[in-house]
Amino acid sequence: MLQIAPKGDVSQAIPLTFEEDRVLRAAFGRYGGSAEAREAAAAVVRRCQQRRGGDWFLCDCLPGAERPPALVPVSQTHIRRHQVTRWPVHCDTCDFYREPDEQREVTASYSAAAASRPLRLARPLAVAPASLERRFHAASQHGRRSGLTRLLLRLVSDAGLQCIGPGWRPPSLVDQVAAIWTAARPIEIDAGVRLTEFLCTSPSRRGELVARIGAVQPGRFMRTRPHGVLIARVAAIGNGTLEPVAGEPIPVSGRLAVFGERAALDRDTPADRHVRAPYLAICVLGRAAPEESIEVLSAYAHPCAAERHLMLLDSNLERHTLAQLRSLQSWLARKKNLPTSIDKPMFDVASERVDGLPRPPCIPDFVMQSATATAVVETMGYADAAYRERKLRVHPAMAAALGGPVLMHDFHEPPGRLQAWRDERFWRGMRWTLTRPERAADGVPPNPAAPASRAAPLPSTADAAGQA
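Residues numbered from 1 in each chain as written. Predicted model: local features only at pLDDT ≥ 70, side-chain atom pairs only at ≥ 80, totals over all residues. Heavy atoms only, no water.

**Considering the sheet that holds strand S20 (residues 374-380)**
No. 1: An order of S7-S18-S19-S20-S21 is seen for the five strands of this open sheet, with the pairing classed as mixed. The sheet is open, and its two edges are formed by strand S7 (163-164) and strand S21 (406-410), each paired on a single side.
No. 2: Note: strand S19 (residues 366-369) against S20, four bridges, orientation antiparallel. Directly across from Phe-366, in S20, lies its bridge partner Val-377.
No. 3: Packing of helix H10 (residues 385-402) onto the sheet brings it into contact with S19, S20 and S21, and relative to S20 it is tilted by some 170°. (Pairing = 2+ DSSP bridges. Helix = DSSP H or I, 4+ residues; strand = E, 2+ residues; numbered from the N terminus. Contact = heavy atoms within 4.5 Å. Axes fitted to C-alpha atoms, helices over the stretch in contact; angles between N-to-C directions.)

**Structural notes on the packing of aromatic side chains**
No. 1: Taken as a whole and assessed by the stated rule, the structure comprises four aromatic pairs.
No. 2: Pairing Trp-331 with Trp-427 gives two aromatic rings, centres 5.4 Å apart and planes at 75°, and the pair type is edge-to-face. Of this pair, Trp-331 sits in helix H9 (residues 316-335) while Trp-427 is found in helix H11 (residues 419-435), placing the two residues 96 residues apart along the sequence.
No. 3: Judged by its relative accessible area of 4%, Trp-331 is buried.
No. 4: A relative accessible area of 1% places Trp-427 in the buried class.
No. 5: The residue whose ring lies beneath Lys-344 is Phe-366, and the NZ or CZ to ring-centre distance is 5.4 Å.
No. 6: Stacked on the ring of Trp-421, the Lys or Arg Arg-417 has its end atom at 4.2 Å from the ring centre. (Phe/Tyr/Trp six-rings, centres within 6.5 Å; stacked < 30°, edge-to-face > 60°. Buried < 20%, exposed > 50% of the residue type's maximum accessible area, 1.4 Å probe, protein only. Lys NZ or Arg CZ within 6 Å of the ring centre and 35° of its normal.)

**Concerning helix H3 (residues 100-108)**
No. 1: Buried within H3 we find Pro-100, Gln-103, Val-106 and Thr-107. Along the axis of H3, the buried residues cluster in a sector spanning 110°; they form a single face.
No. 2: Looking at the buried residues of H3, the elements they touch are helix H1 (18-28). (Arc of directions from axis to C-beta.)

See below:
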């Protein structure tokens, strides 16, 4: 809840009413901005700006901070984010972290169309900085997707690695890599330069890619510097290094981005990254400057199902969810003769809103389908209210876009229950939705407390990678 306080003074802060808080978020938050909402919010801004020489709004997105993020009334009509040394920036999940127009651009970067745009993975040397700054970046759906991220997600999606169809059996690693090469054929990394000419999918052959980049003739790369792409399975991520499943560590000279959904105030720690391993990583190789040697300029790493299963997932908990879905898929085929497919979408599935307001990216965790029914799956991995509010905000859009109900595989609710009980409730709810969609649509719930009728027990989390 937003608070109001005298200018620069946090000691006398008092909370706004629920309605005032709602009005300000609808007008100036990242998902608001309509003319009607701004007109309604102007009355709140005017009233607060006229109090005690101009009160400020204080945000609650950084609880425990010495000074909360501040919003300053301007011209009695709107607000300005007050971001100076003594006043912190809003949390990246906060409604006030971005302007509505900025959020539109962020969401647009998650579309399948954005992944098909011409790539610019490396700037020309003439406009590049003289040296690289090694830095870590915790990537999530709250920020814009980079071109490197979009390339990896396009490759695995076009390769068919994000779908587990009826009768699926784990393909060999060789077959999965071959599918990535096939997906790479139509992609260009510069005008007339095919990705497959400068692609490497084995860290042990990185030297060959370096040699190909070094042998590029002047003028071959017209819009970027000569560069190539390395895709590798990664077992661990260190301080500026990728540790592949096999081979020597790969140093990253510039930006190293690692995907991981997290609660609002959690930092992405080495322990978190260890739990999410293994990863599939994509790297750009080139020269940081004309006189420098060829090195890894930037990299992006995304968790995958297992070392030998390259389906991209968002977390270790999603591996647990996938194990539940694979168990159900096998049971339905064996007991009900019902073929189903499991998809892990990587791109926005929703169309633009009719009202034109910005929205968050709409990317369900999984979609499971039979010939007659669709179930949208969300893994609920955190208990904090802000995380759950963000998740629930997009569930109606997911259901409308995909034509099926959203079922939550919860790791926290209801409290006081064993996870095995929650798993069982989720499994039965999915079975009910896929086998009797007409009753599920009428709101008749399954009985989660009833004993299971499976022929085999659920796989454990540790077994998920093997089954997947």
